[in-house]
Amino acid sequence: MQKKDIRMQEPLYTSAFFTLFIGSILGLAYTFRYFDIEMQNRIILGLEKLNIIPFIIAIVCVILAIILCVIYVLKIKKHNFENPTKKMKAFTAFTLNEFNDDDEFFNKATNAATRIGYLFFVNAMSVLLVLLLFQFPHYVYMVIILGICIIQNLVYYSRMKKYYQ
Amino acid sequence: MLKNKVKELRARHSYSQIHLAALTGVTRQTIGFIEKGEFSPSVTLALKLSQHLQVTVDELFWLEEEKN
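Note that the structure is a prediction, hence the values are computed from the model and not measured.

## Some points on the overall build of chain A
Right, on to step 1. The secondary structure content of chain A amounts to four helices and two strands.
Right, on to step 2. The order of helices and strands in chain A, counted from the N terminus, is α-β-β-α-α-α.
Right, on to step 3. A compact globule built from 165 residues would reach a C-alpha radius of gyration of about 15 Å, whereas chain A, at 20 Å, exceeds it by more than 25%.
Right, on to step 4. For the C-alpha atoms alone, the extent of chain A along its principal axes is close to 65 × 35 × 25 Å.
Right, on to step 5. The 165 residues of chain A split such that 32% are buried.
Right, on to step 6. Looking at chain A alone, contacts between residues at least 24 apart form 63% of all its contacts between residues at least 6 apart.
Right, on to step 7. Summed over all atoms, the accessible surface of chain A reaches about 11100 Å², with 67% contributed by carbon and sulfur.
Right, on to step 8. In chain A, 17 positive and 11 negative side-chain charges are present, and the distance between their average locations comes to 5 Å.

Here's what the structure looks like:
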């Protein structure tokens, strides 16, 4: 098992993907101005183009996210080629690729790291619940949720990193 | 606190961590963390280690009281 094990790097890929997602959300949020138009007693959502630079940033983030996905899939294919008995799926909802159950030590390490990630998530959700009381634009909540996911992945990564040495 | 002489006996047998890990069916990291005393192995793994290092389990692992 190498330090460059894809299972160790998985949270970094996830964090990078979410960061690019945040970039595209903020880019689009600052590209357009949303407002209501009242027509025959009906409210219609209006959209006004404002800035080109945030739009370019959003597009660049989307392109980088696609490139990142391609690199990730290629890494998974490489891992599966080198480890035919421990194949991984690039996109799966039922398990996480970063979980390592190779032996009792890594099983325990994964449990310890997951526990810390879970504790962070529970506390972050409580803070988010309080923030929901305020009237922020929708994209702010999307960014906060993605930010929580990024930190949770980095917490898990920082914990697991020392076990792979 | 669980103490052990895995490192000492491994050196006596001229085994590398990777070799001993392969013999016992675990990863190199597991052997490393056992040697450092940062991971307490299961009874099964302790028996496998003692078998490959040709000693009894209580010769390989012992408890030492922690000083406060």
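## A look at the pattern of salt bridges
Residue and element names in this part refer to chain A.
Right, on to step 1. Scanning all chains against the criterion turns up four salt bridges over all chains.
Right, on to step 2. Residue arginine 7 is joined to aspartate 102 by a salt bridge in which the shortest nitrogen-to-oxygen separation is 3.0 Å. Of the two residues, arginine 7 sits in helix H1 (residues 6-31) while aspartate 102 sits in the loop between helix H2 (53-82) and helix H3 (104-131), which places them 95 residues apart along the sequence.
Right, on to step 3. Taking the relative accessible area as the measure of exposure, aspartate 102 reaches 23% and is therefore partly exposed.
Right, on to step 4. With its nearest N and O atoms 3.6 Å apart, the salt bridge here joins aspartate 102 to lysine 86. Pair noted here: aspartate 102 is in the loop between H2 and H3 and lysine 86 is in the loop between H2 and H3, with a separation of 16 residues, a long-range link.
Right, on to step 5. According to the relative accessible area criterion, lysine 86 is partly exposed, its value standing at 44%.
Right, on to step 6. Among the charged side chains, a network of salt bridges with common partners joins Arg7, Lys86 and Asp102.

## Some remarks on the state of the cysteines
One way to say it: the disulfide is the covalent bond shared by the sulfur atoms of two cysteines.
Right, on to step 1. All told, the structure shown has zero disulfides over all chains when counted by the stated rule.
Right, on to step 2. Its sulfur unpaired, A:Cys69 is 13 Å from the next cysteine sulfur, which belongs to A:Cys61.

## Quick notes on the packing of helix H2 (residues 17-24) of chain B against helix H4 (residues 43-52) of chain B
Residues and elements named next belong to chain B.
Right, on to step 1. Between H2 and H4, whose axes approach to 10 Å, the crossing angle comes to 120°. Classified by the interaxial angle, the pair formed by H2 and H4 is oblique. The hand of the H2/H4 crossing is right-handed. Along its contact with H2, which presents Leu20, Leu23 and Thr24, the element H4 presents Leu45, Lys48, Leu49 and His52.
Right, on to step 2. Taken together, the residues of the contact of H2 with H4 break down into four nonpolar, two polar and one charged.

## Some thoughts on the interface of chain B and chain A
Right, on to step 1. The partner chain A presents 11 residues to the 10 residues of chain B that form the contact.
Right, on to step 2. A combined buried area of about 890 Å² lies between chain B and chain A, and 58% of that area is made up of carbon and sulfur atoms.
Right, on to step 3. Our count for the contact surface shared by chain B and chain A stands at zero salt bridges.
Right, on to step 4. For the interface between chain B and chain A, the tally reads four residue pairs in polar contact (both at pLDDT 80 or more).
Right, on to step 5. The element contributing the most residues to the side of chain B that touches chain A is helix H3 (residues 28-35) of chain B, with four residues.

## Some remarks on unusual backbone geometry
Residue and element names in this part refer to chain B.
Right, on to step 1. Its identity is not glycine, yet serine 14 carries a phi of approximately 55°, on the positive side.
Right, on to step 2. By secondary structure assignment, the location of serine 14 is in the loop between helix H1 (6-12) and H2.
Right, on to step 3. The phi torsion at glutamine 54 lies on the positive side, around 55°, for a residue other than glycine.
Right, on to step 4. Along the chain, the position of glutamine 54 falls in the loop between H4 and helix H5 (57-60).
Right, on to step 5. In this structure glutamine 54 comes out as exposed when scored by relative accessible area, which is 62%.

Reading the values: rules and limits
- Within every chain, residues take consecutive numbers counted from 1 along the sequence as written.
- Here chains are named by letter from A upward and ligands by number from 1 upward, in the order in which they appear as written.
- The predicted nature of this model means local features are confined to residues of pLDDT at least 70 and side-chain atom pairs, given and counted, to a pLDDT of 80 or more, with totals for whole chains, interfaces and linings taken over all residues.
- Values shown for side chains rest on all heavy atoms present in the structure; no hydrogens or waters enter the calculation.
- Numbered from the N terminus, helices here are DSSP runs of H or I no shorter than four residues, and strands are runs of E no shorter than two.
- The globule rule used for comparison is 2.2 Å times the number of residues to the exponent 0.38, while the radius of gyration itself is calculated over C-alpha atoms.
- Working definition: with a 1.4 Å probe on protein chains only, accessible area under 20% of the residue-type maximum means buried, over 50% means exposed, and in between means partly exposed.
- Contact criterion: two residues are considered in contact whenever any of their non-hydrogen atoms come within 4.5 Å of each other.
- Areas reported here follow the Shrake-Rupley algorithm with a probe of radius 1.4 Å; residue values treat only the protein chains shown as occluding.
- Positive charges come from Lys and Arg alone, negative charges from Asp and Glu alone, with His and the N- and C-terminal ends not counted.
- To locate a charge, the coordinates of NZ of Lys, CZ of Arg, CG of Asp or CD of Glu are taken.
- Each salt bridge in this description consists of a side-chain nitrogen of Lys or Arg and a carboxyl oxygen of Asp or Glu lying within 4 Å of one another.
- For this text, the term disulfide refers to a pair of cysteine sulfurs within 2.5 Å.
- To get an axis, fit a line to the C-alpha atoms, keeping to the stretch in contact for a helix; angles then go from 0 to 180 degrees between the N-to-C directions.
- Should an angle lie under 35 degrees it is considered roughly parallel, over 145 roughly antiparallel, and from 65 to 115 roughly perpendicular; all remaining angles are considered oblique.
- Here a crossing is called left-handed whenever its near helix is offset anticlockwise from the far helix by less than a right angle, and right-handed whenever the offset is clockwise.
- Residues are grouped as follows: Ala, Val, Leu, Ile, Met, Phe, Trp, Tyr, Cys and Pro are nonpolar; Asp, Glu, Lys and Arg are charged; every other residue, Gly included, is polar.
- Using a 1.4 Å probe, buried area is obtained as the accessible area two parts lose upon being combined, added over both of them.
- Distance and chemistry together define a polar contact, namely a pair of N or O atoms within 3.5 Å, with one atom able to donate a hydrogen and the other to accept it when in protein, and with adjacent residues in sequence counting only for side-chain atoms on both sides.

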